[in-house]
Amino acid sequence: MLAAPVLLLLLLVACPSSSGAQLPGHGQAKDVPIATNGQPFPWDRMRLPKTISPFHYDLTIHPNLTTLHFTGVVRIQLDVHEDTSIIVLHAKQMQISNVWLLAPEGVRPLQVLEYPRFHQLALLSDSVLTKGRRYEVQLGFAANLSDSFHGFYKSSYRTSSGEVRVMASTQFEATFARGAFPCFDEPAFKAKFTIRIVREPRHITISNMPKVKTVELPGGLLEDHFDTTVKMSTYLVAYIVSDFLSVSKTTRHGVQISVYAVAEKINQTAFALDAAVKLLDFYEDYFDIPYPLPKQDLAAIPDFQSGAMENWGLTTYRETGLLFDPDKSSASDKLGITKVISHELAHQWFGNLVTMEWWNDLWLNEGFAKFMEFISLDITYPELQVDDFFLGKCFEAMEVDSLSSSHPVSTPVENPTQIQEMFDDVSYDKGACILNMLRDFLTPEAFEIGIIRYLKRYSYQNTVNSHLWESLTNICSSDDLDEGRMKHKEFCSQRDLQSGVSKWYSGDELDVRAIMDTWTLQEGFPLVTVEVRGREVRLSQERYLKTDDYSLTEGFLWQIPLTYMTSASNTIHRFLLKTKTDVLYLPEEVDWVKFNVDMSGYYMVHYAGEGWNSITKLLQHNHTALSSNDRASLIHNVFQLVSIEKVRLDTALELSLYLSKETEIMAVTQGFGELVPLYKLMEKRDMAALENQMKDYIVDLFRGLIDRQEWSDSGSVSERMLRSYLLLFGCVRNYAPCVTKATQLFNSWRDSDGTMSLPVDITMAVFVIGARTPEGWDFLFEKYRRSMQMSVKSRMKTAMAVSPLQDKLQWMMEQSLHGEVMKTQDLPDVIVSVSKNPRGYKLAWDFLRANWHILIKKFDLGSSTISYLVTGVTNQYSTREMLDEVRGFFGSLTEESGSEMRCIRQTYETIEDNIRWMDTNLPLLQAWLDKRSHRAVHEDL
């Protein structure tokens, strides 16, 4: 699954959201569980027993899109592993009827007990099911289509003539298949599925596999029969009933790719179709494993909570994640869509073919898919310059991983809320960053051999962390699965001549598992302190943690693959730091040393003594001596070190002065990423004078770069994304040349009734200025309502949410909740955008509190959507009064309404950190800005 699209613009951050969860339960019920009929329930654990496993489901579903109800029958073939007379499986919020055991001795009814707390059914047989034999059970079921975004749910869209059309679609990850049909809803219970769907002639149906035939039923209904799937987990089952149209192409390897969308948007599917063909071919070659199904469909769903879902053979997407209009979509839309498709198609191997044993190792799915986005696009779409954006993922992961409420990449989870909480920046982004570090450490060639071995060894099976580390160890030892790969033989014969890994650590054999366990089994990440004395480099490591309780940093130790370069040589030197402290010796004395080259390692670096001063000097006089990734990581690290009082704020601000010469997107956006939050904290307090001084400093720093931007769509993807970012910033900050130009363009666009063609990259800046007046806002909303272009709608929506017009902001949140004109799937983005708006933050906080119970029902407890709402609305508060207010609200919740969620602990910690930062640094910031403006006046004289 993929988090919803990210628009990291001036901290209007639209962050991950993903599929939902259910009521919290505990792994162990304290008393004997009691079924709904008052009888004791024969199983007391949340995880299903392993005495029985399914190997085939025959599933018939009949949805009624008029009554919004569905009925069905499922026949499950079972293998019995131990004698038992009880079958325990999952079903949630459905009526169960006609339950039969189909045994060799004949057909017998089974007694049914229900235990809703764990979403379990127990089927009781009056005779023993014998170990080693196969049986079949049949269950009838009925339920309402869900009105959330998971299970088998209702979706709708409006045609340009205003007609509302209804469809039904599925989203089963993580624990929602049980809401659509009775099943063994855990990832390790893999089975094959044969699906039939009843429909009206005006609809079509699609599922994981191709349709083999359609049968006419009495009453004018049709029944579509689909081919049997490969062996897979329940969360990957998918089916859709709709009136979509499709376009198709065939890959070089003979797989049919189709993109499905509503009729009026089918002309926006060409880019996704070509991308899917190209990427599926790439993965088949890269993994050296054929894609095992005859087809792969990509469907754009009008109502969709997360970004996309990797159902095997039928991947589903938000419309903004799939639909692309060459004339109206931006460079960042193209990058975003290509990344989403590459993520879901990577899952067809990582996740679908090889699946984690249990949700505690979700990162084996998500970290890999996130990482493969960058590997695949670097090769298939070099023009997208995807490498310019990888670092941002690691910085985002560090943001949550620097709090004591963080969790290890691999962490125990039991109940559905905890499972949902695994779909976070740690599983996705930290997962990808530690894989990137490992690839750099082992060499890309060795890493590729190891992951192919992993996929081949565990195809159609379930894995745990250690299976991956074993596959990446001793990759040149003979393994019959690797035979026949020329590239690998070549690599291993060359490696015998000069070992790629020996450059890291001589002596003992490299122990991948021992190294990687330190990154996956403990939370957080290391801060490496470097002190250079002559030729001697002293190293020490500790946990980086935003806290005033330093005892919390004790007891952590990582094996860190350090890389460094110096003023004396461009060579990248490598050293594996396994101990708390160590010493390196340089061949000669140097002016500067830079550790964590290109930030390929998931750790921060502090340069003690004169270290930061020598780096600041280097950046001032010759910043291109370091790569743009190195510069971005220095900006990030120095400001983050201010938070834990390792570095003074004025040291970080002096370093930031070099940004007036910076032109590369990663370093520029990181500069904004560290400086903008400082004034965002002030906007929510009464300190206008300092706030404006800070804003002026940032505008001044980037004025040269903003002035050089053309109001057009020229240049590379990175240059175009940077242009959008800078012009939007200039307009939001009222930089006169930007505001004048944007006002003039908005007026011309409005005079043409929206028909004038604006350069795509500048539309955001133009819309933001236009939305400042009631007339401009209303005009924008009218165009939003009528547009069929998803990317344009998305930009208009963001612009409307940063308007200073409070009544409009309130109305927008209410409309999004209502879901008629503005989709409820976009509500989280709207609320968080309003909360970042200095005129709207109180409205957003009041709205979140007033509608809390509706939001957790719609988006689900533990989901990253709820986490994004909680942290997004509160993470810029920095006063004790607001902390008390936030604690007061979340502290009043029950466990059923979310009191135990991790995001609430993250919110408390973030506000506490903000308070500490402001208490310590406001006087320093004031003094530095005063001194600087004094300096600037003297320079002007």
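- In the nomenclature of an unreviewed UniProt entry, the chain corresponds to Aminopeptidase from the organism Perca flavescens.
- Taken from UniProt, the Subunit (unreviewed entry) comment for the chain reads in full: "Monomer. May also exist as a heterodimer; with ERAP2. Interacts with RBMX."
- According to the UniProt record, the Subcellular location (unreviewed entry) comment for the chain is "Endoplasmic reticulum membrane".

**Focus on the pattern of salt bridges**
In step 1: For the structure shown, the criterion picks out 54 salt bridges.
In step 2: Between Lys695 and Glu683 there is a salt bridge whose closest N-O contact spans 3.1 Å. On the criterion of sequence distance, the pair formed by Lys695 in helix H15 (residues 688-707) and Glu683 in helix H14 (residues 665-683) is long-range, its members being twelve residues apart.
In step 3: Judged by its relative accessible area of 8%, Glu683 falls in the buried class.
In step 4: Each of Glu105, Arg108, Asp126 and Arg133 takes part in a single network of salt bridges with overlapping partners.

**Concerning the packing of helix H4 (residues 390-401) against helix H12 (residues 628-643)**
In step 1: Running from N to C, H4 and H12 cross one another at 15°; their axes reach a closest spacing of 11 Å. Compared by their axis directions, H4 and H12 come out roughly parallel. Taken as a pair, H4 and H12 cross one another with a handedness that is right-handed. Residue-level inspection shows Leu391, Phe395 and Met398 of H4 in contact with H12, the latter providing Asn629, Ala632, Ser633 and His636.

**Focus on the UniProt feature "domain: Peptidase M1 membrane alanine aminopeptidase" (unreviewed entry) in the chain**
In step 1: Following the UniProt record, one finds the feature "domain: Peptidase M1 membrane alanine aminopeptidase" (unreviewed entry) at residues 271-476.
In step 2: Counting secondary structure, residues 271-476 comes out at 53% helix and 10% strand; the distance between its end C-alpha atoms is 40 Å.

**Examining the sheet that holds strand S24 (residues 536-543)**
In step 1: Ordered in space as S27-S24-S23-S29, the four strands form an open sheet in which the pairing is mixed. Unpaired on one side and paired on the other, strand S27 (581-585) and strand S29 (604-607) mark the two borders of the sheet. Going from strand to strand, the sheet's axes swing by 25° on average, the running direction of each strand aside.
In step 2: Relative to S27, S24 runs antiparallel, the two sharing five bridges. Bridge pairing in S27 links Val537 to Leu584.

**Regarding the environment of Glu357**
In step 1: Examined against the element boundaries, Glu357 turns out to sit in the loop between strand S21 (354-356) and helix H3 (363-380).
In step 2: Distance in space between the C-alpha atoms of Glu357 and Gln461 is 8.4 Å, their sequence separation being 104 residues.
In step 3: If sequence neighbours within four positions are ignored, Glu357 has contacts with Pro187, Ala188, Asn462, Thr463 and Val464.

**Describing the domain arrangement of the chain**
In step 1: Domain assignment breaks the chain into domain 1 (33-243), domain 2 (246-476 + 511-523), domain 3 (524-657) and domain 4 (677-940).
In step 2: Just the C-alpha atoms count here: the centres of domain 1 and domain 2 sit 28 Å apart.
In step 3: On the side of domain 2, 41 residues touch domain 1, which itself brings 39 residues to the contact.
In step 4: Surface buried jointly by domain 1 and domain 2 totals about 3400 Å² across both partners, of which 63% is contributed by carbon and sulfur atoms.
In step 5: At the junction of domain 1 and domain 2, the tally comes to zero salt bridges.
In step 6: Inspection of the domain 1/domain 2 interface yields 13 residue pairs in polar contact (both at pLDDT 80 or more).
In step 7: Counting residues per element, the ones that place at least two in the side of domain 1 that touches domain 2 are strand S9 (151-158), strand S10 (164-171), strand S12 (204-207) and strand S15 (239-242).
In step 8: Looking at the side of domain 1 that touches domain 2 element by element, the count peaks at four residues for S9.
In step 9: Residues of the side of domain 1 that touches domain 2, tallied by class, amount to 21 nonpolar, twelve polar and six charged.

Calculation criteria
Residues numbered from 1 in each chain as written. Predicted model: local features only at pLDDT ≥ 70, side-chain atom pairs only at ≥ 80, totals over all residues. Heavy atoms only, no water. UniProt positions renumbered as here; feature names shortened; annotations may be inferred. Salt bridge = Lys/Arg side-chain N within 4 Å of Asp/Glu carboxyl O. Helix = DSSP H or I, 4+ residues; strand = E, 2+ residues; numbered from the N terminus. Buried < 20%, exposed > 50% of the residue type's maximum accessible area, 1.4 Å probe, protein only. Axes fitted to C-alpha atoms, helices over the stretch in contact; angles between N-to-C directions. Parallel < 35°, antiparallel > 145°, perpendicular 65-115°, else oblique. Left-handed = near helix turned anticlockwise from the far one by under 90°. Contact = heavy atoms within 4.5 Å. Pairing = 2+ DSSP bridges. Domains from an automatic or database assignment. Buried area = accessible area lost by both parts, 1.4 Å probe. Polar contact = N/O pair within 3.5 Å; in protein donor to acceptor, adjacent residues only side chain to side chain. Nonpolar A, V, L, I, M, F, W, Y, C, P; charged D, E, K, R; others polar.

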